Structures are given as C-alpha cells and as structure tokens.
Amino acid sequence: MTISIFKPLNHFVGIVSNELIFSRIRLIILLLLAGVGTGFSQEWNYARVVLIYGGDIPFNFNSINRYAQGLEIEEGTILGVTLADSTQLGHDLTGFDLNARAFNGATEILGEANSLDLDAIRIKADNYLGFGAGFISTGYQDLSSGWTTLCSFTDPGPVFTNLFWDTHQLVISYECGIPVSAGGNGTLLGEPPDYYRIEVELELVPTGPGF
Amino acid sequence: MKRKVMMIGGLLMISLIGFSQAVKDRQVIPVAVNLNQVLRMTITNGGNIEFVFNSIDDYRFGLSADAATSGSANPDVAEAFYQTDFTVASSTRWSLTYGSEEATFIGTDNPANALALNNVGFTLVETGTHDWEVAGAVKGTTDASALFSAPTDNGTEVAGLEDYPALLIEDNDSPTDANAGDATDNAFSILWRCGTTEVGAAPVTMAAESLLDQEPSPTPDRYVTNVLFELAVDN
C-alpha cells in the first residue's frame with residue numbers, strides 16, 4: 001500500500017524536476033544577459049568638478065575710481081577636476097571643455113528694483129595646477145544665457161591620463177564694469193545703485209571620439 | 001512562453017545599454033554686484049568771490065573773469081580772481097541746482113540796502129571730457145553730449161544770478177552717454193562778472209544798465225550773499 005501511494009508521487013516529482021531544470025537554465029541565461037547588459041551600461045567616463053575656493057563672488061563699487069575702471073577679481077574661484085576614462089569601446093576620452101552660463105536661463109543681472117545686462121560680468125578660466133600642454137583658455141568671455149566655453153584641455157599623450165581634483169585645478173577670474181577702452185563691455189557709471197545678483201553655472205564636459 | 005521570456009530579457013539588456021553615457025558635472029557660483037551711490041562736488045578754486053568797485057570805469061564797465069568778452073574795466077591778469085572752479089564725481093546721472101540764498105544782495109553796513117542779483121552774471125565753461133548739448137537745442141538732441149544747461153544755453157550765454165533753487169546743470173538724457181563720471185569728466189569753471197550789462201539770449205540775463213546808470217544809484221555798501229550749490233541724482 002505504501003509503495004503504491006508513493007510511486008505516482010515519485011513520478012510527479014520527476015516531471016516537476018525537469019521543468020525546474022529548464023526554468024533554472026532560463027533564469028541563468030537571463031541573469032547572464034542582464035549581467036552583460038550591466039557591463040554595457042557602465043558610463044563612458046567619470047567626471048567631477050569640485051569647488052575648492054571662492055564659492056561667492058562679490059563686486060563692491062564704492063568709489064568713482066572703481067566705477068570708472070571697473071573691478072577684476074583674479075583667481076576668485078578654484079575648481080578641482082576629476083576626470084577618468086572608463087575605457088568603453090568607441091568612447092575614447094581625451095579631455096574636457098569647461099563651459100559657463102547664467103544659471104537657470106537668467107537673461108539679466110537682477111537687483112531689487114533694477115537690472116544690469118549679463119555682459120557686465122565677464123569670466124575667464126586658467127590653469128591653476130596640473131594642466132600643462134593641451135590646455136587652452138579662451139580668455140575673458142561675456143556672461144550670457146547660453147553656454148560659452150572658457151577653456152579646453154586635450155591630453156597630449158596617446159592614452160588619456162586620469163585627472164584628479166587635488167592635482168588638477170582650474171582658476172576662475174571675474175571682471176565687472178570694465179571700460180570698452182580696456183577690453184570690457186563698458187563701465188557701470190550711470191547705472192542705478194542697487195544690489196544685483198546672478199548665479200554663474202560652470203559645466204565640465206568630457207570630450208573625445210565617441211563623446 | 002520561452003520566446004516571451006527571451007524578449008523581455010533582450011529588452012532589459014537594451015534598456016540597460018541605453019543608460020550608459022558621457023558623465024558631466026556642474027557647479028553654481030553666486031556673483032553679487034553692489035553698486036553704492038557716489039555723489040561728490042568739490043570746489044577747487046574761487047570759493048569766495050569779491051568784486052571791489054573803486055573807479056568810475058569799474059562802475060561803467062564792470063568787473064569780469066572774462067575781461068576780453070565782457071569789455072570790463074579790470075585787466076586780464078585779474079581774471080582768475082573772479083573764477084570758481086569745481087568738479088563733480090557721480091556714479092549716476094546727476095543734476096546741479098544753484099542760486100542765491102537771498103532774493104537780493106544784502107548790504108553789510110546797512111542791511112536795508114539791497115542790490116539786484118542780476119547785477120552779477122556768469123558763464124559756465126566745461127573743462128572736462130563731457131560735452132554740452134548744442135546751443136539752442138532741446139535736451140537729448142545729441143547722443144554724444146552728456147550735459148545740459150538751460151540757464152547758460154549750454155555754456156554759450158551769460159546768465160544772470162538767480163535765487164535758489166535754479167537748475168544749473170543736468171543730464172542730457174542721452175541713451176548712450178550719461179553725465180556720470182569722475183572729476184576729469186565733469187570739471188567746470190564759472191566765470192563771474194558784475195556790472196558788465198551783458199544781455200544775451202539766456203533765460204535770465206544780467207541787468208541791462210551799468211551800476212553807474214541804474215536808477216536809483218546803488219547805495220555804496222559791501223553787498224553779500226551766499227550762492228548755494230546742491231548736487232543730486234538726476235532720475
């Protein structure tokens with residue numbers, strides 16, 4: 001009696017076991033596929049720009065001389081750059097661009113009751129630490145609502161050497177109200193007194209074939 | 001069933017591939033521009049002007065800082081003695097109001113004695129880099145001109161002294177050239193004269209009669225008044 005009871009069960013168990021085997025094979029295949037997919041989904045690079053110094057830039061106009069000659073804040077902000085290649089096929093990192101624009105689509109520098117044109121402020125990026133050959137600064141650029149490239153770096157070597165924030169740093173200089181005769185966009189003489197504010201957005205963009 | 005599972009797996013793989021991309025990074029830095037009002041007038045010469053009449057020619061022809069034009073009795077060498085120089089430094093468009101503190105000159109020996117203000121007149125010369133609007137033109141006619149002076153018809157006419165307040169210099173409302181600037185931009189000379197009877201096209205002219213010919217004749221005395229200047233923002 002006992003055997004006759006268990007035989008069908010054993011048979012049943014045998015059928016289920018075969019189904020389980022196939023299910024497990026499919027699951028393994030799926031996991032493998034997902035694993036391959038995850039491998040493909042690795043980003044092409046790692047990029048990080050960190051603020052080391054100068055997170056707030058004040059221009060204080062309190063004398064006629066400052067109004068007449070404008071103000072320049074040299075080395076106002078120092079940024080550390082970390083950039084690493086992920087060696088993804090078809091995406092060869094060679095360097096980066098640093099772009100700037102007025103944050104959030106701002107079209108003017110707003111005061112409490114007045115406004116200034118964006119190009120009253122100009123920005124420049126230079127090498128501060130670690131960038132040698134391959135670094136190009138575009139000099140002072142007008143602040144605008146669209147992206148403007150401040151500097152570019154292209155690794156001169158055949159293979160990109162990863163950059164780290166403590167050994168590769170950029171310095172940002174700012175000027176405001178520089179007269180046309182000195183290469184600026186004009187003084188702020190005649191502009192109404194106010195406390196004007198704007199936020200400058202800086203973007204690190206990796207460059208190279210496939211980027 | 002198997003095909004469905006394979007399809008789902010493939011889609012999953014494709015979607016995962018779609019996530020991979022170039023990585024960028026950003027920073028946002030606030031920038032503030034604090035414009036403080038700067039408004040400063042400095043009288044650099046001629047803070048006290050005194051005309052002394054002690055000859056008949058002085059009474060007949062007057063005394064002037066611009067002897068060649070005025071035909072006054074004083075020699076040319078005395079010109080700077082009757083001249084006031086001042087500068088304006090302003091971070092905004094500005095205006096200068098001036099005028100006598102009293103309605104007439106007041107005698108110091110006898111305060112009851114009075115002398116009409118328009119016995120004294122002046123021309124206004126701009127010695128800085130800013131320019132006057134064209135003579136006779138309405139305000140704002142010339143974009144390159146930053147200054148406007150109605151009493152002197154933009155520096156071309158002899159104006160009679162008025163009592164305070166009278167608008168002497170103002171911004172020309174040029175959209176491209178404000179009168180804001182430093183002392184090198186806004187430097188002026190007032191060439192004072194007294195009793196020269198220079199009657200031109202100015203809105204307020206000098207007295208047409210000399211001190212010698214006026215009726216009644218001015219009582220001899222030392223006549224004084226303060227001429228006030230007030231610099232303000234020209235909105």
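As the structure is a computational prediction, the values presented were derived from the model and not from experiment.

A. Structural context of the overall build of chain A. On a plain count of helices and strands, chain A comes out with two helices and twelve strands. The N-to-C order of helical and strand elements in chain A reads α-β-β-α-β-β-β-β-β-β-β-β-β-β. Per-residue burial over chain A gives 33% buried out of 211 residues. Of the contacts made within chain A by residues no fewer than 6 positions apart, 78% connect residues no fewer than 24 positions apart.

B. View of the overall build of chain B. Regarding its fold elements, chain B presents three helices and 14 strands. The C-alpha radius of gyration of chain B comes to 32 Å, more than 25% above the 18 Å expected for a compact globule of 235 residues. When burial is assessed residue by residue, chain B has 37% of its 235 residues classed as buried. When contacts within chain B are restricted to residue pairs at least 6 apart in sequence, those whose partners lie at least 24 apart make up 73%.

C. The interface of chain B and chain A, seen in detail. Listed by partner, the interface residues are 35 residues for chain B and 58 residues for chain A. Breaking the side of chain B that touches chain A down by element, the ones donating at least two residues are α1 (2-19) and β1 (25-35) of chain B. Top contributing element to the side of chain B that touches chain A by residue count: β1 of chain B, with eleven residues. Looking at the side of chain B that touches chain A, its residues break down into 19 nonpolar, ten polar and six charged. Two elements, strand β12 (residues 194-207) of chain A and β1 of chain B, share eleven bridges in a ladder whose sense is antiparallel. Of the residues in β1 of chain B, the one forming a bridge with Tyr-196 of chain A is Val-33 of chain B.

D. Layout of the sheet that holds strand β9 (residues 147-148) of chain B. Sheet architecture is open: four strands sit in the order β9-β11-β5-β14 (chain B), paired in antiparallel fashion. Looking at the sheet topology across the chains shown, the edges are occupied by β9 and β14 (227-233) of chain B.

E. Examining the nonpolar core more closely. Of all hydrophobic cores here, the largest spans 56 residues; its most connected members are Leu-98, Ile-121, Ile-123, Leu-170 and Val-200 of chain A. Filtering out sequence-adjacent residues up to four positions away, Leu-98 of chain A remains in contact with Ala-125, Leu-150, Cys-151, Leu-170, Leu-202 and Leu-204 of chain A. Grouped together as the second largest cluster of nonpolar side chains are 26 residues, Leu-63, Phe-105, Leu-115 and Trp-192 of chain B included.

F. Structural detail: the environment of Ala-84 of chain A. Residues and elements named next belong to chain A. Relative to the helices and strands, Ala-84 is located in strand β3 (residues 71-85). On the neighbour-count criterion, Ala-84 (18 C-beta atoms within 10 Å) is partly exposed. Spatially, the C-alpha atoms of Ala-84 and Glu-203 are 16 Å apart, while their sequence positions differ by 119 residues. Ala-84 has contacts with Asn-45, Tyr-46 and Asn-162, leaving out every residue within four places of it along the chain.

G. Spatial organisation of unusual backbone geometry. Residue and element names in this part refer to chain B. Of the consecutive residues Tyr-164 and Pro-165, the connecting peptide bond is found in the cis state with omega at 0°. Here Pro-165 shows up in the loop between β10 (159-160) and β11 (166-171). Positive phi, normally seen in glycine, also occurs at Asn-154, with a value near 60°. Note that Asn-154 resides in the loop between β9 and β10. For Asn-154, a count of 24 C-beta atoms within 10 Å gives the class buried. With a phi close to 60°, Asp-173 is a non-glycine residue in the positive phi region. By the secondary structure assignment, Asp-173 is in the loop between β11 and β12 (187-194).

H. Geometry of the environment of Asn-65 of chain A. As for its placement among the helices and strands, Asn-65 of chain A is situated in helix α2 (residues 64-69). With 77 residues separating them along the chain, Asn-65 of chain A and Asp-142 of chain A place their C-alpha atoms 22 Å apart.

I. Summary view of the sheet that holds strand β7 (residues 121-129) of chain A. Taken in spatial order, the five strands line up as β1-β3-β11-β7-β9 (chain A) in an open sheet, and their pairing is antiparallel. Both outer strands of the open sheet, β1 (45-53) and β9 (141-142) of chain A, are each paired with one neighbouring strand and no more.

J. Structural context of the environment of Gln-69 of chain A. By the element assignment, Gln-69 of chain A lies in helix α2. Between the C-alpha atom of Gln-69 of chain A and that of Ser-181 of chain A, which follows or precedes it by 112 residues, the distance is 9.8 Å.

K. Broad picture of the pairing of strand β4 (residues 83-90) of chain B. Residue and element names in this part refer to chain B. Here strand β2 (residues 39-45) runs beside β4; their pairing, made up of six bridges, is antiparallel. Residue pairing for β4: Met-41 is matched across the bridge by Val-88. One ladder, built from five bridges, connects β4 with β12; its direction is antiparallel. Residue Phe-86 lies in a different strand from β12, and its bridge partner there is Phe-188.

L. The arrangement of the confidence of the model for chain A in detail. Taken as a whole, chain A shows an average pLDDT of 86; of its residues, 81% reach a score of 70 or greater. Every residue in residues 32-39 of chain A is under pLDDT 50, and counting partners more than four places away or in other chains gives ten contacts.

M. Quick peek at the confidence of the model for chain B. Of the residues in chain B, 92% have a pLDDT of 70 or more, and the chain-wide mean is 91. The ipTM value of the predicted complex is 0.77, and its pTM value is 0.73.

Conventions adopted
Residues numbered from 1 in each chain as written. Chains lettered and ligands numbered in written order. Predicted model: local features only at pLDDT ≥ 70, side-chain atom pairs only at ≥ 80, totals over all residues. Helix = DSSP H or I, 4+ residues; strand = E, 2+ residues; numbered from the N terminus. Buried ≥ 20, exposed ≤ 12 C-beta atoms within 10 Å, placed from the backbone. Contact = placed C-beta atoms within 7 Å. Rg over C-alpha atoms; globule rule 2.2 N^0.38 Å. Nonpolar A, V, L, I, M, F, W, Y, C, P; charged D, E, K, R; others polar. Pairing = 2+ DSSP bridges. Core = buried A, V, L, I, M, F, W, Y, C linked by C-beta atoms within 7 Å. pLDDT = per-residue confidence, 0-100.

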